[in-house]
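# Inside the fold
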Amino acid sequence: MTLDEVLRTVAERVPYLAASTAIEGDDWVRCDAVVDEPARLAEVVRGTAAGFGTDDVAVAASLFAEAYAFRVAAVPLAAFALDLPVPDVAPASVAVRIDKPRPPAVAYLSNTVLALDAKGMVEALVDAHLRPFVTSVHEQFAIGERNLWGNVAAACAVAFRAVESSGVDRAPVRDRASVFFEAGAEVFRGLGAFTAVANDGREGWYWDRTSCCLWFRTAGSELCDNCSLLDPSELHARRIVELRG
């Protein structure tokens, strides 16, 4: 398959994971600049604070890290979940649009697509791209590495959940999610786990995280739907309500 075919297949399955192959305009930032240039990363993070509803740059850094990880990783992980070749995710081959606090668009700039197993997926996405990104954020802002990796894990889980709930055969997607997180156990161990919740013939597949993204410290003071600060019984009750709805 070509890159265009991979991107089209992913977008047909999960429309909000549409991606580009080219960039135009000042809102686009190449990911190697975000990862490798501390001043550029600091500028980007500080520019998101007001949009996130906070004047605490550590909170902004946490929330941007999760949003960035999702935008960069979601399409490749969706392709992996669908047993397709994946786009080249090297920082120099990816760009994100930053006209909102959470990057709303991504572009894969290399025509290369790779057939990767779980280990190769971790090496390409986590080790070569997200690890140096997390390190740079941690070095510049007062935010712990475990918090940042928890955000990355949650972002990756969302990508798998999007495909799993898109009408495909769920079992292979769940299996591929499991082997991906197992292959990345060095950084993902203890940061969360998938949970299946059933009610009246319906089943939902959720990610239970063990760290907080700090969203509750923004102006809205809200907890995310999988927040580690929620009591497990309340979290379960919320999911039952969702399934019934």
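See the structure printed just above.
Scope of this entry: the structure provided in the associated data block. (Residues numbered from 1 in each chain as written. Predicted model: local features only at pLDDT ≥ 70, side-chain atom pairs only at ≥ 80, totals over all residues. Heavy atoms only, no water.)

## Points about helix α4 (residues 57-81)
An α-helical segment advances 3.6 residues per turn. Residues three or four places apart therefore align on the same side. Look at α4: 34 Å from first C-alpha to last across 25 residues, which is about the 36 Å you get at 1.5 Å a residue. Within α4, the axis deviates most sharply at Ala-73, by approximately 45°, and proline Pro-76 lies no more than four positions further along. Counted residue by residue, α4 has 24 buried out of 25 residues, so it is predominantly covered. Where α4 begins, the capping side chain belongs to Asp-56, and its oxygen is found 2.9 Å from the backbone nitrogen of Ala-58. Just past α4, the residue Asp-83 takes up positive phi, approximately 60°. (Helix = DSSP H or I, 4+ residues; strand = E, 2+ residues; numbered from the N terminus. Expected span 1.5 Å × (residues − 1). Bend = angle between axes of the 7 residues up to and from the residue. Buried < 20%, exposed > 50% of the residue type's maximum accessible area, 1.4 Å probe, protein only. Polar contact = N/O pair within 3.5 Å; in protein donor to acceptor, adjacent residues only side chain to side chain.)

## Focus on the pairing of strand β4 (residues 105-108)
Burial along β4 is two-sided: Ala-105 and Ala-107 facing one way and Val-106 and Tyr-108 facing the other are all buried. Where strand β3 (residues 94-97) lies against β4, 4 bridges are found, and the strand directions are antiparallel. By the bridge assignment for β4, Val-96 is matched with Val-106. (Pairing = 2+ DSSP bridges.)

## As for the packing of aromatic side chains
Counted by the stated rule, this structure contains 14 aromatic pairs. Geometrically, the ring pair formed by Phe-181 and Phe-194 is edge-to-face, given 5.7 Å between the ring centres and 75° between the ring planes. Of the two residues, Phe-181 is situated in helix α7 (residues 170-183) and Phe-194 in strand β6 (residues 192-199); the sequence distance between them amounts to 13 residues. Given a relative accessible area of 11%, Phe-181 falls into the buried group. Given the relative accessible area of 22%, Phe-194 is considered partly exposed. (Phe/Tyr/Trp six-rings, centres within 6.5 Å; stacked < 30°, edge-to-face > 60°.)

## Some thoughts on the environment of Ser-233
With respect to the element layout, Ser-233 can be found in helix α9 (residues 232-244). For Ser-233, a relative accessible area of 52% translates into the label exposed. A polar side-chain atom of Ser-233 sits 2.3 Å from a polar atom in the side chain of Asp-231.

## As for a nonpolar patch on the surface
Together, Phe-216, Leu-223 and Leu-229 give the surface a local cluster of nonpolar side chains, amounting to about 250 Å² of exposed area. Along the polypeptide, Phe-216 turns up in the loop between β7 (202-209) and α9. (Patch = residues over 30% accessible without salt bridge, like charges linked within 9 Å, V, L, I, M, F, W, Y side chains within 5 Å. Areas by Shrake-Rupley, 256 points an atom, 1.4 Å probe, with all protein chains shown as cover. Salt bridge = Lys/Arg side-chain N within 4 Å of Asp/Glu carboxyl O.)

## Some remarks on the layout of surface pockets
By volume, the largest pocket amounts to about 630 Å³. Surrounding the largest pocket, 24 residues form its lining, Glu-66, Val-158, Cys-224, Asp-225 and Asn-226 being those nearest its centre. Of the residues that constitute the lining of the largest pocket, the class distribution is 14 nonpolar, 1 polar and 9 charged. (1 Å grid on protein atoms, 1.4 Å probe; cavity = no way out; pocket = protein on both sides within 12 Å on 5 of 7 lines; lining within 4 Å. Points joined across faces, edges and corners; volume = space filled by probe spheres on them. Nonpolar A, V, L, I, M, F, W, Y, C, P; charged D, E, K, R; others polar.)

## Re the packing of helix α5 (residues 118-140) against helix α6 (residues 145-164)
Two numbers describe a pair of packed helices, the interaxial angle and the distance between the axes. Following both chains from N to C, one finds α5 and α6 inclined at 140°, their axes separated by 10 Å at the closest point. The angle between α5 and α6 places the two elements in the oblique class. Between α5 and α6 lies a crossing whose hand is right-handed. In this structure, α5 uses Val-126, Leu-130, Arg-131, Val-134, Thr-135, Val-137 and His-138 to contact α6, whose residues at the interface are Glu-145, Leu-148, Trp-149 and Val-152. Residues belonging to the contact of α5 with α6 are distributed by class as follows: 7 nonpolar, 2 polar and 2 charged. (Axes fitted to C-alpha atoms, helices over the stretch in contact; angles between N-to-C directions. Parallel < 35°, antiparallel > 145°, perpendicular 65-115°, else oblique. Left-handed = near helix turned anticlockwise from the far one by under 90°. Contact = heavy atoms within 4.5 Å.)

## Brief notes about the state of the cysteines
With the rule as written, the count across this model stands at 0 disulfides. Among the cysteines around Cys-213, which has no disulfide bond, Cys-224 carries the closest sulfur, lying 3.5 Å off. Counting only cysteine sulfurs, Cys-212 is the nearest neighbor of Cys-227, a cysteine outside any disulfide, at a range of 4.1 Å. Among the residues examined, Cys-227 registers a relative accessible area of 6% and is labelled buried. (Disulfide = S-S within 2.5 Å.)

## Points about the sheet that holds β3
Reading across the sheet, the 3 strands line up as β1-β3-β4 and stay open at both edges, with antiparallel pairing between neighbours. The open sheet has two free edges, formed respectively by β1 (28-30) and β4, since each of these has just one partner strand. Here the strands of the sheet are splayed against their neighbours by 25° on average, with no regard to which way each runs. Here β1 runs beside β3; their pairing, made up of 3 bridges, is antiparallel. By the bridge assignment for β3, Trp-28 is matched with Arg-97.

## Some details on the packing of α6 against α7
With their axes 9 Å apart at the nearest point, α6 and α7 run at an angle of 165° to one another. The orientation of α6 with respect to α7, classified from their angle, is roughly antiparallel. When the axes of α6 and α7 are compared, the crossing they make is right-handed. Listed contacts from α7 to Ala-153, Cys-156, Ala-157, Phe-160, Val-163 and Glu-164 of α6 are Arg-170, Val-173, Arg-174, Arg-176, Ala-177, Phe-180 and Phe-181.

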